[in-house]
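Fold and geometry: a report
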Amino acid sequence: MTGTGTERPVVPGVRLGRVSFVWRPWLVLVTLLLAAATFLVFCLSIGAGDFPIGLPRVIATIFGGGERFDRFVIMDLRLPRALAGLVVGIALGTSGAITQSIARNPLASPDVLGITQGAGAVAVLLLTVSGGTSAAVAGAAGLPAAALAGGLATGLLVYLLAWRRGIDGFRLILIGISVSAVMQAVTSWLLVTADITDVARAQVWLVGSLDGRGWREAGTALGCTLVLLAVVAGAAFQFRPLHLGDDVAAGLGVRNSPVRAVMLLCAVLLAGVAVSAAGPVPFVALVAPQAAMRLARCATPPLVASGLVGALLLTGADLAARTVLPVALPVGVVTAAIGGPFLVYLLVRANLRRTA
Amino acid sequence: MVRRSEMDAAAGGHTGDDARLAARGVAVGYGGRTVIDGLDVEIPSGVITTIIGPNGCGKSTLLRTLSRLLKPASGTVVLDGTDIAKLRTRDVARKLGLLPQAPVAPEGLTVADLVARGRHPHQGWLRQWSSDDAGVVADALAMTGVADLARRPVDTLSGGQRQRVWISMILAQGTDLLLLDEPTTYLDLAYAIDVLDLVDDLHEAGRTVVMVLHDLNLATRYSDHLVVMRAGSILAQGHPREVVTAELLREAFGLRAEVIDDPVGDRPLIVPIGRAHVRSR
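The structure presented is a predicted model; accordingly, all values stated were derived computationally and were not measured. (Residues numbered from 1 in each chain as written. Chains lettered and ligands numbered in written order. Predicted model: local features only at pLDDT ≥ 70, side-chain atom pairs only at ≥ 80, totals over all residues. Heavy atoms only, no water.)

Attention shifts here to the sheet that holds strand β4 (residues 74–79) of chain B. Residues and elements named next belong to chain B. Strand order in the open sheet made by the four strands is β2-β1-β4-β5, with antiparallel pairing throughout. The two strands at the open ends of the sheet, each matched to only one other strand, are β2 (33–43) and β5 (82–83). In this sheet, β2 lies alongside strand β1 (residues 21–30) in antiparallel orientation, the contact comprising seven bridges. Paired with A23 across the strands is V41, a residue of β2. (Pairing = 2+ DSSP bridges. Helix = DSSP H or I, 4+ residues; strand = E, 2+ residues; numbered from the N terminus.)

So, in structure tokens, the structure goes:
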């Protein structure tokens, strides 16, 4: 078979050497604009604080220039925190895009599936049970590792409970909501029974915050996220047909189960890395892929754009929490304020479609 | 009426070495419950084969087994002389196109994007789109008469148009073996005829088609080879003119019916008797 006519092809492509792909100018433009906007907000966030630094000086400093004092404030104090926010946002956005694609449902984000709550419960367990004596342990490697392990264990539990000769999106969500409720109950129980000073620390952590994140936290999160994103990029091509449903994907020659397992594992680990770096920041993983889909006019969550929207959302929320609002709030409060109404919008819209 | 013992003779030149797809002694079940036990079938090449039978007789299970969506507990499915379980899924997808029952496209996905996904088995991580792909997709859109709808979202189309688009997607896959699981489900009769006419066009162009249909008269009209199933095994198979009899319909479906000459076609026509408004005979 050969192409017909010389008019513009229905599906235009581009070729660069051995690489060829479908040419989607709008998606490329939106992705570039999102990257630019994220970088801008990232720099503004670094510049904001008790000692404000202008945008040109921030950009000059992070690219290796700048005065000595600027270098100290930015490189030692502010950059790690901002970088942690950026990485957490990308991880949450990408994670949500994957879980929503697997379930073929916009509600299936790591916070709805219980992964975030599982990570939170285990972290609170460490914070409260260990008590003040081993607070140093909790503050060091312990807390992030516990959160990551909790997220991974919960993700596996949900997957195994939802598995019945394949994964049905709706079943996955229902199981996830139940598991998430159990994890929240465990967290509440721990908070009620624990010592009051531990509870205060746990509460702050549970809201989700970037306060006091240094190079160690940012570096670990960045390294883990880069490795996971590389795996996601490798599997993304085989993952794409799964948007059309299991049977169609299998008909197109995709080995569904291993592809889905790898992608889900990456999604769970990305969410776990995010939670261990910043606490369970709510709603970013739910909102970012849906917003990216609407901006990029895609039918399915675009992976790169979702990560960028996540980063923009988290960095922007952190900046707003520190500057616009009269009191400095943890970033989780702002993302919840944005995410809650968005969740209601998604639910109302889903209901309208079902009754239409 | 053609019995299993006579089926080789009845199917004539269709059986034997020229069958590209065949099941040999397959047993298939779901979680301990056996649906099909020790079934043999050969799909004649170049014609339309339709699997019919009462609800729960295992006709969709057989089609899913032939398309390697279900793994048989025992027995083999043979595609071009090789056990399908030993082939790479990707290589199977280059030979055999499958349209599952009532597929759903993501909301907002355009016709062109959906049909383009049919090229997946021919693409790789680096080579995700080529000018060959563009040509094949354009031809698939034209052949199914949906080229004008290319930029419309699939979910805004009528049921019949939507099914044409899905068939277009498996055509873009570029296989000459097509397996369709109830392609007319949920369609009004006019749309069902429209889709089956398209299936007939594809067969005229040299493709082998296997489908599952519920409607016996449509199956009789559009098929060259009928496989009649009951309770997980094959009751009869052959040309509709030989297979479709009042006796077989009673045996397979428990249906009282008269089989008469179709006033417009050259195939038999099934008239169910039932109880309401029947003239006394």
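Right, let's get into the interface of chain B and chain A. Facing 46 residues of chain B, the contacting portion of chain A comprises 38 residues. With both sides pooled, the region where chain B packs onto chain A buries about 3500 Å², and carbon together with sulfur makes up 59% of that total. The largest contributions to the chain B side of the interface with chain A come from B:R117, B:H120 and B:W129, which together make up 20% of the buried area. The residue A:D247 makes a salt bridge to B:R64 at a minimum N-O spacing of 2.8 Å. (Contact = heavy atoms within 4.5 Å. Buried area = accessible area lost by both parts, 1.4 Å probe. Salt bridge = Lys/Arg side-chain N within 4 Å of Asp/Glu carboxyl O.)

Residue and element names in this part refer to chain B. One ladder, built from five bridges, connects strand β11 (residues 257–261) with strand β12 (residues 268–272); its direction is antiparallel. Across the sheet, the residue bridging to A257 is P272, located in β12. Between the end of β11 and the start of β12, which pair antiparallel, lie six residues.

Right, let's talk about the confidence of the model for chain A for a bit. Residues and elements named next belong to chain A. Confidence along chain A averages 88 in pLDDT terms, with 92% of residues attaining 70 or more. Per-element mean pLDDT across chain A ranges from 79 in helix α13 (residues 331–355) up to 96 in helix α1 (residues 25–47). The low-confidence segment residues 1–6, where pLDDT is below 50, has eight contacts with residues more than four positions distant or belonging to other chains. (pLDDT = per-residue confidence, 0-100.)

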